[in-house]
Amino acid sequence: MNELTYHREGDCLLPNLILPEAPRIGVWGMRRREFLKKHHSGIYTGLLLSGKLNAHLEEVDCQAEEMLFQLVNQMAQAEGVTEQLKATNQMAWGGAMNNIQERAEEVVYAELIYS
């Protein structure tokens, strides 16, 4: 059993409490949380009450980041958007990479966040 310890502040004894580590939920996890809240409140509530919500959001966030990284690399390679293009025509490279990034994000939304 955990024994509480106290410290004195003025005339009061206050417990020495240690807060649990905050979950590391990134932007994808936050988007998933908002989606579940708005469109699947039963799933959201079930995860929240079981204490599994933060673990789920952390996992989705990690999966989304990895999927996005892989998709951007695969699309860039398939479309010939290379470092050589970046060196020779930065405007074309930047436009192509922005387009690839947006398309990859749409795939992540469709397959992970909104599923």
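See above for the structure.
Conventions and cut-offs
- Residues numbered from 1 in each chain as written.
- Predicted model: local features only at pLDDT ≥ 70, side-chain atom pairs only at ≥ 80, totals over all residues.
- Heavy atoms only, no water.
- Helix = DSSP H or I, 4+ residues; strand = E, 2+ residues; numbered from the N terminus.
- Expected span 1.5 Å × (residues − 1).
- Buried < 20%, exposed > 50% of the residue type's maximum accessible area, 1.4 Å probe, protein only.
- Contact = heavy atoms within 4.5 Å.
- Salt bridge = Lys/Arg side-chain N within 4 Å of Asp/Glu carboxyl O.
- Pairing = 2+ DSSP bridges.
- Patch = residues over 30% accessible without salt bridge, like charges linked within 9 Å, V, L, I, M, F, W, Y side chains within 5 Å.
- Areas by Shrake-Rupley, 256 points an atom, 1.4 Å probe, with all protein chains shown as cover.

Asks: Break down helix α5 (residues 90-113) for me, with residues and values.
Replies: Counted at 1.5 Å a residue, the expected span for α5 with its 24 residues is 34 Å, and the 32 Å between its end C-alpha atoms agrees. Buried within α5 are the following residues: G94, M97, I100, A104, V108, Y109, L112 and I113. Contacts made by the buried residues of α5 are with α1 (27-39) and α3 (53-78).

Asks: Break down the pattern of salt bridges for me, citing the residues and quoting the values.
Replies: Enumeration according to the criterion identifies 1 salt bridge in this entry. Between E79 and R103 there is a salt bridge whose closest N-O contact spans 2.7 Å. Of the two residues, E79 is situated in the loop between α3 and α4 (83-88) and R103 in helix α5; the sequence distance between them amounts to 24 residues. Given the relative accessible area of 43%, E79 is considered partly exposed.

Asks: Residues and numbers for the pairing of strand β2 (residues 12-15), please.
Replies: By the bridge criterion, 4 bridges tie strand β1 (residues 6-9) to β2 in an arrangement that is antiparallel. Counted as the bridge partner of R8 is L13 from β2. A loop of 2 residues connects β1 with β2, the two strands running antiparallel in sequence, and G10 in this loop sits at a positive phi of about 65 degrees.

Asks: Describe a nonpolar patch on the surface, with residues and values.
Replies: A cluster of nonpolar side chains, contributed by L4, Y6, L13 and L17, occupies part of the molecular surface with about 460 Å² of accessible area. Note that Y6 resides in strand β1.

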